[in-house]
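A structural walkthrough
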Amino acid sequence: MRPSASRTRKMSNNYNDIPIGIRLLQSFSRQCPRFHARKELCYKMSIFLLTFLAYACYHMSRKPISVVKSVLHGNCSTVQLQDAGNCGYAPFDGPDSKTLFGMLDSAFLFSYAISMFASGFIAERVSLRYFLSMGMIMTGVFTYLFGLARTSNIHSLAYFVLVQIFAGIFQTTGWPGVVTLVGRWFGKKKRGLIFGIWNSHTSIGNILGTLIAAHYVETDWALSFVVPGIIIGAVGFLLFLFLVDQPEIVGCHPQPAAQERRISNDSDADENDDDEEQARRSEADQISYRPTPTERTPILARPQAQREHTSHGRPIGLVDALYIPGVVEFSLCLFFTKLVSYTFMYWLPLYIQSSSTLGPELSADLSTLFDVGGILGAIAAGYVSDLTGMSATVCTVMLFFASPILLMYQQYGALSVTISVLLLIAVGIFVNGPYALITTSVSAELGQHSSLEGNSNALATVTAIIDGTGSIGAAVGPLLAGVISSHSWQNVFYMLIVSDIIAMVLLMRLVVKECTAARRSSNRIRIE
């Protein structure tokens, strides 16, 4: 037995063991021939549903803070509120409340962004079942602790900041884990559409978190945090019981990584060069020096004897992952697209309340339409990406339309509820569409790029780099919004529009490549 195979088997026995719940289901299903005939489909459906539910809960636990801001700093302009003592909750009841809210958002998001890089590194080396279960339970604990502040009459800013920091750290277990699991179990056919539908968990989690928080915000805002904290902890335990980490441990075999659709690869422009490229690889194997790297040159050099084991490999490093074509461009683009999306997520309910006559609960309910648009945008972006194979172009077109729609919402969104509803859905479609496509389908494609020679252990690291870079933008956006909104909400929208334009420009090199490849492909079809 080869050493590498021995290590793989040992890892499977120690970490990727069959969950207790699955063992029980297997014992009950022994008399059911239909289950054995459709075993792989059943496991795929369980992975789809469990990861969907898991990340919906992650986002659900992030939303209460955006809803509760309106009562942590109450409107004391009327005598009735002053007499009732409903002017807010210290230390957020002062004139610097927006700055303090920005500090809370930044404490969570910066810790999330920084920890994301380490999280992807760890996720490749441990069982994702334990990784996700622990992360969800601890996220629930710190979400609960934020609400406990009201019950225990805690008014220390340091307490709230520390809770947000640790919540951000444990939230990073979610994205690398769920994307890696879906990438392991599902093939590449219609990946954009599958990921587009699956990625609706983000918007559904936001909607659920908003509705739960809004239900309690005017009576007891502590429950706006306590209830989501309990829910995510319970779902984390559910994953511990039923989540199957690797297809192999239940006798399923993942689809081969060959024949993948490559993103923005120069060599894709001319498929007739494949034979010449293979010849160059064969010559490179026979000489001692390292050849000039191309976009297909393997990042992880391995001996010839080990190249047959391509479904797994040693975990890739952060620096190596940056050399994968497209990772840098999409990471920087996500920095700005996620900046826009998270600024809306954290500040939209407060903006609606301040620009209209709606109360905290109705403002929170209306803000969910942004996430409804996000669901439609994610599915549309994934579907069009599957049809065209031009992910960067799809993102660029949606970002092009996002800027004027943001300006229209700022100018006309407060005229009537009907106009606000329509524009919020449109903003959600064009703002969240590129964000969803990059964090799901694009990340999975790049994590299984041809230069990795089928090394599946690179997926979590690539996902962490892209989402980690985007999360830095997500931290910067709400922080800037907290400072700028103190002077003018209009300037906040100008910041968001400029961010979308920069994100669009960053993808132009990849768009040119995709258009060139599409044009050459169409010319070749006409000649044939």
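Bear in mind the structure is a predicted one, so any value in this text is a computation, not a measurement.

1. Re the overall build of the chain
Helix and strand counts for the chain come out as 22 helices and 0 strands. Per-residue burial for the chain yields a buried fraction of 53% across its 528 residues. By sequence separation, contacts in the chain at least 24 residues apart represent 82% of the contacts at least 6 residues apart. Summing over all exposed atoms, the chain offers an accessible surface of approximately 22800 Å²; the carbon and sulfur share of this is 64%.

2. Describing the confidence of the model for the chain
Mean pLDDT over the chain works out to 78, with 75% of the residues at or above the 70 mark. In this model residues 77–85 is a low-confidence stretch, pLDDT under 50, and it forms 5 contacts with partners more than four residues away in sequence or in other chains.

3. Here's the deal with the packing of aromatic side chains
By the definition in use, this model includes 29 aromatic pairs. For the pair Y89 and W221, a centre-to-centre distance of 5.2 Å together with 80° between the ring planes defines the contact as edge-to-face. Of this pair, Y89 sits in the loop between α6 (79–84) and α7 (97–123) while W221 sits in the loop between α12 (200–217) and α13 (223–242), and the two are 132 residues apart along the sequence. Exposure remark for Y89: the relative accessible area of 10% places this residue in the buried category. Taken together, a centroid distance of 6.4 Å and an interplanar angle of 75° make the contact between Y342 and Y435 edge-to-face. On the criterion of sequence distance, the pair formed by Y342 in helix α16 (residues 327–355) and Y435 in helix α19 (residues 417–447) is long-range, its members being 93 residues apart. By the ring-pair criterion, three or more aromatic residues cluster together here, those being Y89, F92, F101, F146, Y159, F160, W221 and F225. Sitting above the plane of the Y130 ring, R129 keeps its charged end 4.7 Å from the centroid.

4. Things to note about the side chain of K69
For K69, the location among the structural elements is in helix α5 (residues 64–72). Given the relative accessible area of 1%, K69 is considered buried.

5. Re the packing of helix α17 (residues 360–388) against helix α18 (residues 391–412)
Taken N-terminus to C-terminus, the directions of α17 and α18 make an angle of 140°; their axes are 9 Å apart at the nearest point. Judged on the interaxial angle alone, α18 and α17 are oblique. By crossing handedness, the relation of α17 to α18 is classed as right-handed. Between α17 and α18, the residues in contact are G377, A381, V384, S385 and T388 and S391, V394 and M398, respectively. Among the residues making up the contact of α17 with α18, the classes are represented as 4 nonpolar, 4 polar and no charged.

6. Regarding the pattern of salt bridges
Side-chain pairing between opposite charges can occur once the charged atoms of the two side chains come close. What the rule picks out here adds up to 4 salt bridges. Residues R509 and E329 are paired through a salt bridge, measuring 2.1 Å at the closest nitrogen-oxygen approach. With a gap of 180 residues between them, R509 in helix α22 (residues 508–527) and E329 in helix α16 connect regions that are remote in the sequence. For E329, a relative accessible area of 14% corresponds to the buried category. A salt bridge links D467 to K338; the shortest N-O distance between them is 2.7 Å. Within this pair, whereas D467 is found in helix α20 (residues 459–484), its partner K338 is found in helix α16, the two being separated by 129 residues in sequence. Given the relative accessible area of 1%, K338 is considered buried.

7. Concerning the environment of Q411
Residue position: Q411 is located in helix α18. The partly exposed category is assigned to Q411, whose relative accessible area is 41%. Taking the C-alpha atoms as reference, Q411 lies 8.7 Å from Q490; in sequence the two are 79 residues apart.

8. Regarding helix α8 (residues 128–151)
Since one α-helical turn is 3.6 residues long, residues separated by three or four positions face the same way. For α8, built from 24 residues, the straight-helix expectation of 34 Å at 1.5 Å per residue is met to within 8% by its first-to-last C-alpha distance of 35 Å. Just downstream of α8 lies N153, where phi reads positive at about 60°.

9. Describing the nonpolar core
With 85 residues, the main nonpolar core has F344 and Y409 as its most contacted residues. Among the elements that line this core, the one with the most residues is α16, at 17 residues. Ignoring anything within four residues of it in the chain, the contact list for Y409 reads F344, L348, Y351, I352, S420, L423, L424, V427 and F493. Listed in part, the 38 residues of the second largest apolar core include F52, Y55, L181 and I212.

10. Quick word on the environment of S420
With respect to the element layout, S420 can be found in helix α19. In this structure the C-alpha to C-alpha distance between S420 and Y409, which are 11 residues apart in sequence, comes to 7.1 Å. Sequence-distant contacts of S420, that is, excluding residues within four places in its chain, are made with L366, Y409 and G413.

11. A few points about a nonpolar patch on the surface
There is a patch of nonpolar side chains on the surface, built from M408, Y412, L415 and I419 and spanning about 390 Å² of accessible area. Looking at where Y412 falls in the secondary structure, it is placed in helix α18.

12. Re the environment of I165
Here I165 lies in helix α9 (residues 157–171). I165 gets classed as partly exposed once you look at its relative accessible area, which sits at 27%. Taking the C-alpha atoms as reference points, I165 and Y112, separated by 53 residues in sequence, lie 7.7 Å from one another. When residues no more than four places from it in sequence are discounted, the contact partners of I165 are A107 and S111.

13. What about unusual backbone geometry?
In this model, A90 is joined to P91 through a cis peptide bond whose omega is 10°. With respect to the secondary-structure elements, P91 resides in the loop between α6 and α7. One non-glycine residue, N153, lies in the positive phi region at around 60°. With respect to the element layout, N153 can be found in the loop between α8 and α9. Given a relative accessible area of 53%, N153 falls into the exposed group.

What counts and how
Here the residue numbering is sequential within each chain, running from 1 through the sequence in written order. Reporting in this predicted model follows two pLDDT cut-offs: at least 70 for local features of residues, and 80 or more for side-chain atom pairs to be given and counted; totals over whole chains, interfaces and linings ignore these cut-offs and use all residues. As a rule here, side-chain values cover all heavy atoms of the structure and leave hydrogens and water aside. The secondary structure listing takes helices from DSSP runs of H or I that are at least 4 residues long and strands from runs of E that are at least 2 residues long, numbered from the N terminus. Each residue is placed in one exposure class: buried if its accessible area under a 1.4 Å probe, protein chains only, is under 20% of its type's maximum, exposed if it is over 50%, and partly exposed if it falls in between. Residues count as neighbours in contact if any of their non-hydrogen atoms are within 4.5 Å of one another. Where accessible areas are quoted, they stem from the Shrake-Rupley method and a 1.4 Å probe; at the residue level, only the protein chains shown are allowed to cover. pLDDT expresses, on a scale from 0 to 100, how confident the predictor is about each individual residue. Here a pair means two rings of Phe, Tyr or Trp (six-membered ring of Trp) with centres within 6.5 Å. Their orientation is stacked below 30 degrees between planes, edge-to-face above 60, and tilted elsewhere. Placement of a charge over a ring requires the Lys NZ or Arg CZ to be within 6 Å of the ring centre, with the centre-to-atom vector within 35 degrees of the ring normal. Note on method: axes are straight lines fitted to C-alpha atoms, helices fitted across the in-contact stretch only, with angles between N-to-C directions ranging 0 to 180 degrees. Throughout, the term roughly parallel applies to angles under 35 degrees, roughly antiparallel to angles over 145, roughly perpendicular to angles from 65 to 115, and oblique to all others. Put simply, a crossing is left-handed when the front helix is turned counterclockwise from the back one by less than a right angle, and right-handed when it is turned clockwise. Each residue receives one of three labels: charged for Asp, Glu, Lys and Arg, nonpolar for Ala, Val, Leu, Ile, Met, Phe, Trp, Tyr, Cys and Pro, and polar for the others, Gly being one of them. Should a side-chain nitrogen of Lys or Arg be within 4 Å of a carboxyl oxygen of Asp or Glu, the pair is scored as a salt bridge. Expected span of a helix: the number of residues minus one, times 1.5 Å. Each nonpolar core is a collection of buried residues, namely Ala, Val, Leu, Ile, Met, Phe, Trp, Tyr and Cys, held together in the definition by side-chain atoms within 4.5 Å. Residues with no salt bridge and a relative accessible area higher than 30% make up the patches, which join like charges within 9 Å and nonpolar side chains (Val, Leu, Ile, Met, Phe, Trp, Tyr) within 5 Å.

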